[in-house]
Amino acid sequence: MPAVEWGNGRDGHIGLLQLAEDLCDAGRWCSTRGWVPATAGNFSFRTAPADGGRIFITASGLDKGAITPADLLDCNVLAGAGRPSAETSLHGVIYRDRPDAKAIFHIHSIWNTLLSDRFAQDGVVPLEGYEVLKALTGVNTHEHRELVPVLENSQEYGGLSLQLAEVLRMFPDAHGVLLRKHGLYTWGESIAGARRHLEALEFLFEVEARRLMGSW
């Protein structure tokens with residue numbers, strides 16, 4: 001495929017290349033946290049409608065601790081080195097059904113993997129009473145009850161995309177979705193917003209898991 005032409009495209013006051021660099025910085029940061037082991041995880045951002053609503057996503061099979069803008073694919077014109085993740089369709093569902101989303105992070109942490117299995121039969125991981133919940137967009141009190149839906153993992157992404165669309169409809173206020181024994185998808189109205197949601201949810205998953213395990 002041809003290389004991505006970053007050019008002078010603009011997303012508000014932020015150039016496309018700056019957005020790409022910000023996304024890659026977030027991916028490298030996730031690697032330092034141990035959230036994208038081996039070649040796991042994928043990250044994307046979407047430009048504003050004025051810049052075509054283009055979606056850029058990390059190529060499959062890469063060490064996220066070393067990604068650069070050259071490792072991003074332009075999904076709209078199939079440009080960039082490498083091949084898209086099989087999970088690209090899930091990003092598309094989130095962007096379609098969450099119009100305000102401008103970035104999506106997908107990671108595989110120890111704590112979200114454990115909780116996704118622990119609560120799989122319930123269908124949601126409940127998070128309630130924690131001050132850090134206020135880091136989630138639209139939440140202004142620790143008394144908020146965040147329900148993070150859990151989907152069964154599958155390698156059949158057509159069917160999984162339909163299930164994802166259904167839980168996004170059922171949980172319109174959710175800030176993330178878990179795949180059982182797989183990982184977390186979260187999003188935000190900017191790359192910084194998605195990164196904030198990711199850090200908040202991962203903190204809450206660890207606190208809740210340690211509480212359930214009796215580790216104090």
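Counting of residues starts from 1 at the beginning of each chain's written sequence and follows it residue by residue. Where local features are concerned, this predicted model is filtered to residues with pLDDT of at least 70; where side-chain atom pairs are given and counted, the filter is 80 or more; whole-chain, interface and lining totals use all residues. Side-chain figures throughout are based on the complete set of non-hydrogen atoms in the structure, without hydrogens or water.

With that settled, the discussion passes to the pattern of salt bridges. A side chain of one charge can pair with a side chain of the opposite charge when the charged atoms of the two come close. Salt bridges, as used here, are contacts in which a Lys or Arg side-chain nitrogen is within 4 Å of a carboxyl oxygen on Asp or Glu. According to the stated counting rule, one finds 11 salt bridges in the structure shown. One salt bridge connects E131 with K134, and the closest N-O pair in it is separated by 2.7 Å. When a residue's accessible area, from a 1.4 Å probe over protein chains only, is under 20% of the maximum for its type it is buried; when over 50% it is exposed; and in between it is partly exposed. Overall, the relative accessible area of 40% leaves K134 in the partly exposed class. Put simply, D117, E152 and R180 are held in one network by salt bridges that share partners.

A cavity, in this analysis, means grid points on a 1 Å lattice covering only the protein atoms where a 1.4 Å probe fits yet has no way out; a pocket is instead an open set bounded by protein on both sides within 12 Å along at least five of seven lines, and a residue lines either one if it has an atom within 4 Å of a point. Grid points are joined across faces, edges and corners, and a volume is the space filled by probe spheres set on the points. Counting across every chain of the model gives 1 cavity of 30 Å³ or more. Considering only enclosed or pocket space, the largest cavity measures out at about 30 Å³ in volume. Residue lining of the largest cavity: L90, L151, L164, V177, L179 and Y185, and that is the complete set. Under this grouping Gly is polar, as are all residues other than the nonpolar Ala, Val, Leu, Ile, Met, Phe, Trp, Tyr, Cys and Pro and the charged Asp, Glu, Lys and Arg. Split by residue class, the lining of the largest cavity holds 6 nonpolar, no polar and no charged.

Here is the rule: rings of Phe, Tyr and Trp (six-membered ring for Trp) pair when centre to centre is within 6.5 Å. Planes less than 30 degrees apart are stacked, more than 60 are edge-to-face, and the remainder are tilted. In total, this model carries 3 aromatic pairs according to the counting rule given. Considering the side-chain rings of F43 and F105, the 5.3 Å spacing of their centres and the 70° angle between planes classify their relative orientation as edge-to-face. Residue F43 is located in strand β3 (residues 42–46), and its partner F105 is located in strand β6 (residues 103–107); the two are separated by 62 residues in the primary sequence. Given a relative accessible area of 0%, F43 falls into the buried group. Over the face of the ring belonging to W29 we find R195, whose NZ or CZ atom lies 4.3 Å from the ring centre. For helices the rule is a DSSP run of H or I covering at least 4 residues; for strands it is a run of E covering at least 2, with both sets numbered from the N terminus onward. Either the NZ atom of lysine or the CZ atom of arginine qualifies as a charge over a ring when it sits within 6 Å of the ring centre and within 35 degrees of the ring normal.

Moving on to the environment of G53. By secondary structure assignment, the location of G53 is in the loop between β3 and β4 (55–58). In this structure, the C-alpha to C-alpha distance between G53 and Y95, residues 42 residues apart in sequence, is 10.0 Å. With sequence-adjacent residues up to four places away left out, G53 is seen in contact with R46, T47, A48 and N76. Residues are treated as being in contact if the distance between any of their heavy atoms lies within 4.5 Å.

Judged by nonpolar contacts, the single largest core of 40 residues is most densely connected at C30, F45, F105, V125, L127, L198 and F205. Put simply, the parts of the chain that give this core at least two residues each are α1 (16–32), β3, β6, α3 (110–118), β7 (124–128), β8 (145–151) and α5 (191–213). Core analysis: the second largest hydrophobic core is formed by 21 residues, L151, Y157, L164 and L168 among them. Buried Ala, Val, Leu, Ile, Met, Phe, Trp, Tyr and Cys residues that are joined via side-chain atoms within 4.5 Å together make up what is termed a nonpolar core.

What follows concerns the packing of α1 against α5. Between α1 and α5, whose axes approach to 10 Å, the crossing angle comes to 15°. As the angle between them shows, α1 and α5 are arranged roughly parallel. For the element pair α1 and α5, the recorded crossing hand is right-handed. Every residue of α5 that contacts α1 at L19, D22, L23, D25, A26, W29 and C30 is listed here: I191, R195, L198 and E199. Residue classes in the contact of α1 with α5 are distributed as 7 nonpolar, no polar and 4 charged. The axes are straight lines fitted to the C-alpha atoms, using for helices just the contacting stretch, and the angles between their N-to-C directions are given from 0 to 180°. What sets the label is the angle itself: under 35 degrees gives roughly parallel, over 145 gives roughly antiparallel, 65 to 115 gives roughly perpendicular, and the rest give oblique. Note on convention: the crossing is left-handed when the near helix lies turned anticlockwise from the far helix by less than a right angle, right-handed when the turn is clockwise.

Extensive coverage of strand β10 (residues 183–188) is indicated by the burial of 6 of its 6 residues. Neither face of β10 is exposed, since G183, Y185 and W187 on one face and L184, T186 and G188 on the opposite face are all buried. Two strands make a pair as long as DSSP finds a minimum of two bridges between them. Here β6 pairs with β10 via 5 bridges, running antiparallel. If you follow F105 over to β10, its bridge partner there is T186. Of the pairings in the sheet, the one linking strand β9 (residues 176–179) to β10 comprises 4 bridges and is antiparallel in character. Along β10, the bridge assignment pairs L179 with G183. Here β9 folds back onto β10 in antiparallel fashion, the turn holding 3 residues, of which K181 has a positive phi close to 55°.

No statement about biological role is implied by the geometric values presented.
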